[in-house]
Amino acid sequence: MEGWLISIQQELEQIRQEHELSCVIVIDGEGGLIAQVGDHPEGEEFALYSPMVMETIRTMSQVGGFGEPICNGVILKQGKILITHQDVVKGEVIYSSLLCKKKVPAGLLDLLNKITALVEKAI
């Protein structure tokens, strides 16, 4: 395992614990795993849906006249919340998925930007 991958895993784990998240998953624009920490879903299929989720929410937001979305959230059974975010790092699209245990972390946009900056620094 390369040094940058170990570093990003450790930093994401620290973020996960600080914000009481169940898991953090970061993938590239083609659904390839960059990093994941916490209790993440089994199988690779989960990662492949992030681009579709963001495109669907973007279309809905534009049709509704709300402008460009920053991220989207889905409330799941047992009160968990799945947040998906899209950003660009060094010209490449990345997707971050956060599974929140019971509440959205304070300063969500700052947290998403911190994860993006971490990935940018690591790759």
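Residues numbered from 1 in each chain as written. Predicted model: local features only at pLDDT ≥ 70, side-chain atom pairs only at ≥ 80, totals over all residues. Heavy atoms only, no water.

Colleague: If you had to explain the pairing of strand β2 (residues 33-38) to someone new, which residues and values would you point to?
Modeller: Of the strand pairs in this sheet, strand β1 (residues 21-28) and β2 are connected by 5 bridges, and their pairing is antiparallel. Each residue of the ladder has a partner; that of Val 26, found in β2, is Ala 35. Hairpin remark: β1 followed by β2, antiparallel, with 4 residues in the connecting loop; positive phi at Gly 31, about 90 degrees. (Pairing = 2+ DSSP bridges. Helix = DSSP H or I, 4+ residues; strand = E, 2+ residues; numbered from the N terminus.)

Colleague: Which residues make up the pattern of salt bridges, and what values go with them?
Modeller: Summed over the entire model, instances satisfying the criterion amount to 4 salt bridges. Of the charged contacts in the structure, one is a salt bridge between Lys 121 and Glu 11, with a shortest N-O distance of 3.6 Å. Of this pair, Lys 121 sits in helix α4 (residues 108-122) while Glu 11 sits in helix α1 (residues 3-18); the two residues are 110 residues apart in sequence, bridging distant segments of the chain. On the accessibility criterion, Lys 121 (60% relative accessible area) is exposed. When the shortest N-O distance is used, the salt bridge between Glu 68 and Arg 58 registers 2.6 Å. Of this pair, Glu 68 sits in the loop between α3 (50-63) and β3 (71-75) while Arg 58 sits in helix α3, and the two are 10 residues apart along the sequence. (Salt bridge = Lys/Arg side-chain N within 4 Å of Asp/Glu carboxyl O. Buried < 20%, exposed > 50% of the residue type's maximum accessible area, 1.4 Å probe, protein only.)

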